[in-house]
Amino acid sequence: QVHLVESGGGLVQPGESLTLSCSASGNFFSVDTMGWYQQAPGKERELVAVRTSDGSTNYADSAKGRVTISTDNTKNTWYLRMNSLKPEDTAVYYCYAEIRVNRNYQFEYWGQGTQVTVSS
């Protein structure tokens, strides 16, 4: 069984920074894609950043220049560093992964979500 566990959310003031982390645990072959999504109140879940196993990275336009996704493949952990946070960044942030559980099967997994609130 595979689990994603997030940490790092909280209340910050506008302009501050925050780092979220997500760790994959359980029995699996590899974590092929690691990413982060956000869901603001009343809105659909949207991509923030994603990194694939070949190292390519994709960011939402709203995140470019302020957000960095990084990974520690030795720990099956990835991070989302968010700088210059704005009130409109307030959302529940979910980590996401495409995990190969064996040579033949790959599944999508989601973290439980962590609340980020940007407010003065």
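Residues numbered from 1 in each chain as written. Predicted model: local features only at pLDDT ≥ 70, side-chain atom pairs only at ≥ 80, totals over all residues. Heavy atoms only, no water.

Engineer: Help me out: how do you make sense of the state of the cysteines in this one?
Structural biologist: Scanning the model with the defined rule gives one disulfide in all. Each disulfide pairs two cysteine sulfurs, and for Cys22 the partner residue is Cys95, the sulfurs being separated by 2.1 Å. Linking Cys22 and Cys95, the disulfide has an S-S dihedral of approximately 45° and is accordingly described as right-handed. Here Cys22, found in strand β3 (residues 18-26), pairs with Cys95, found in strand β9 (residues 91-100); they are 73 residues apart in sequence, far enough to count as distant. With respect to class, Cys22 is no different from Cys95; both count as buried. (Disulfide = S-S within 2.5 Å. Helix = DSSP H or I, 4+ residues; strand = E, 2+ residues; numbered from the N terminus. Buried < 20%, exposed > 50% of the residue type's maximum accessible area, 1.4 Å probe, protein only.)

Engineer: What is the right way to read the pattern of salt bridges from this model?
Structural biologist: Two side chains of opposite charge can pair, provided their charged atoms sit close to one another. Applying the stated rule across the entire model yields three salt bridges. In this structure, Asp61 and Lys64 form a salt bridge, with 3.2 Å as the shortest nitrogen-oxygen distance. Here the two residues Asp61 and Lys64 agree in accessibility, since each one is exposed. In this structure, Arg66 engages Asp89 in a salt bridge whose closest nitrogen and oxygen atoms are separated by 2.8 Å. Of this pair, Arg66 sits in the loop between β6 (57-59) and β7 (67-72) while Asp89 sits in the loop between β8 (77-82) and β9; the two residues are 23 residues apart in sequence, bridging distant segments of the chain. By the burial criterion, Arg66 is buried, and Asp89 matches it. (Salt bridge = Lys/Arg side-chain N within 4 Å of Asp/Glu carboxyl O.)

Engineer: Would you explain the environment of Gly113 in this entry?
Structural biologist: Summarising the element assignment, Gly113 is placed in the loop between β10 (106-110) and β11 (114-118). Relative accessible area serves as the criterion here: at 17%, Gly113 is assigned to the buried category. C-alpha separation for the pair Gly113 and Gly55, spaced 58 residues apart in sequence, amounts to 24 Å. In this view, Gly113 contacts Glu6, Val92, Tyr93 and Tyr94; residues no more than four positions away in its chain are not counted. (Contact = heavy atoms within 4.5 Å.)

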